[in-house]
Amino acid sequence: MLKKEERIQVSKNFYLDEFICRELYIQLVYPKTNEFLSVIKEKGINSLFLLLRNGEKLRKLIDIAQFCRDRYNVSATINNWAIGGDRNNSGWRDPNSKVGAKLSAHKNCEAIDIVFAYLDEKDVYVDVITNKNVFFNIGVREIEQGTYDEKTGEGWTHLSIRGFHTTINIIPFWKKK
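The paragraphs below set out a description of the structure included in this document. Quick caveat, the model's predicted, so the values are computed rather than measured.

## What to know about the overall build of the protein chain
Secondary structure summary: the protein chain contains six helices and seven strands in total. Computed over its C-alpha atoms, the radius of gyration of the protein chain comes to 16 Å, within 12% of the 16 Å expected for a compact globule of 177 residues. The principal-axis extents of the C-alpha atoms in the protein chain amount to approximately 40 × 35 × 30 Å. Counting every position in the protein chain, which comprises 177 residues, the buried fraction comes to 50%. In the protein chain, the share of contacts with a sequence separation of at least 24, taken over all contacts with a separation of at least 6, comes to 64%. Here the protein chain displays about 9700 Å² of accessible surface, and carbon together with sulfur accounts for 51% of that area. Within the protein chain, one finds 27 positive and 23 negative side-chain charges whose respective centroids are separated by 3 Å.

Right, here's the structure in full:
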């Protein structure tokens, strides 16, 4: 877990640790937390993304998550390991992680799995598909048709910035066994 003062707020409702798995965060961010906080205080939040590897991709994912949070007006969870939760692989994953596909967009900092309080992932999917142009214009390039874990029954929305599609690409239904 991180202390409140160790967390770096990157948008109105999100912290940087929510977009990065614990292992990468400890390696890339944690040792430089004070430096990053100082730069943000002096030069603004956008300066942080110039210092971070994959900073531009992270900025896009953060903007998409904040857009969705505002659109649905409910709390949203990506990773919550920093506050004692069990979600750790829903943002940028370690490229060597055994979680997910070998070429997962997560391993290249190009996807988030987001859970919205009081919203079913199927409803979010329908909204994204119904409003493709809106979501495409904020950077969404792929959405999974449906994602859930059979063991826990938990569902999530997978949004990706990967690819040069001219419309949002739909990835077929996937379930974790």
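## Some remarks on the nonpolar core
Leu 16 and Phe 19 are the most contacted members of the largest nonpolar core, which has 44 residues in total. Among the secondary structure elements, those contributing two or more residues to this core are α1 (22-28), α2 (33-43), α3 (46-51), α4 (55-72), β2 (111-116), α5 (121-130) and α6 (132-137). Per-element accounting of this core gives the leading share, seven residues, to α4. Leu 16 has contacts with Ile 8, Val 10, Tyr 25, Val 29, Leu 48, Leu 52 and Leu 58, leaving out every residue within four places of it along the chain.

## Here we look at the side chain of Arg 69
In this fold, Arg 69 is placed in helix α4. With no salt bridge to any partner, buried Arg 69 finds its closest opposite charge in Asp 70, at an N-O distance of 5.2 Å. Look past the residues within four positions of Arg 69 in its chain and what remains in contact with it is Asn 13, Phe 14, Val 74, Ser 75, Ala 76 and Phe 116.

## Here we look at the side chain of His 158
Along the chain, the position of His 158 falls in strand β5 (residues 155-160). In this structure His 158 comes out as buried when scored by relative accessible area, which is 6%. Side-chain polar atoms of His 158 contact the side chain of Asp 113, separated by 2.8 Å. The residues contacting His 158, other than those within four sequence positions of it, are His 106, Ala 111, Ile 112, Asp 113, Glu 142, Ile 143, Glu 144, Thr 147 and Ile 171.

## Re the pairing of β2
Here β2 lies mainly inside the structure; six of its six residues are buried. Of the two faces of β2, both are covered, the one formed by Ala 111, Asp 113 and Val 115 as well as the one formed by Ile 112, Ile 114 and Phe 116. Where strand β1 (residues 76-77) and β2 come together, two bridges link them in antiparallel fashion. Residue Ala 76 lies in a different strand from β2, and its bridge partner there is Phe 116. Summarising the sheet, β2 and β5 pair through four bridges and their orientation is antiparallel. Across the sheet, Ile 114 pairs through a bridge with Thr 157, a residue of β5.

## Here's the deal with α5
Here α5 has its buried residues at Glu 121, Val 124, Tyr 125, Asp 127 and Val 128. The buried residues of α5 occupy an angular sector of 165 degrees when projected down its axis, which confines them to one face. When the buried face of α5 is taken as reference, the exposed residues oriented beyond 90 degrees from it are Lys 122 and Thr 130. By the N-cap criterion, in which a side-chain oxygen at the helix start approaches the backbone nitrogen of a residue two or three places on, α5 is capped by Asp 120, the distance to Lys 122 being 2.7 Å.

Reading the values: the criteria
- Residues numbered from 1 in each chain as written.
- Predicted model: local features only at pLDDT ≥ 70, side-chain atom pairs only at ≥ 80, totals over all residues.
- Heavy atoms only, no water.
- Helix = DSSP H or I, 4+ residues; strand = E, 2+ residues; numbered from the N terminus.
- Rg over C-alpha atoms; globule rule 2.2 N^0.38 Å.
- Buried < 20%, exposed > 50% of the residue type's maximum accessible area, 1.4 Å probe, protein only.
- Contact = heavy atoms within 4.5 Å.
- Areas by Shrake-Rupley, 256 points an atom, 1.4 Å probe, with all protein chains shown as cover.
- Lys, Arg positive; Asp, Glu negative; His and termini not counted.
- Charge placed at Lys NZ, Arg CZ, Asp CG, Glu CD.
- Core = buried A, V, L, I, M, F, W, Y, C linked by side-chain atoms within 4.5 Å.
- Salt bridge = Lys/Arg side-chain N within 4 Å of Asp/Glu carboxyl O.
- Polar contact = N/O pair within 3.5 Å; in protein donor to acceptor, adjacent residues only side chain to side chain.
- Pairing = 2+ DSSP bridges.
- Arc of directions from axis to C-beta.

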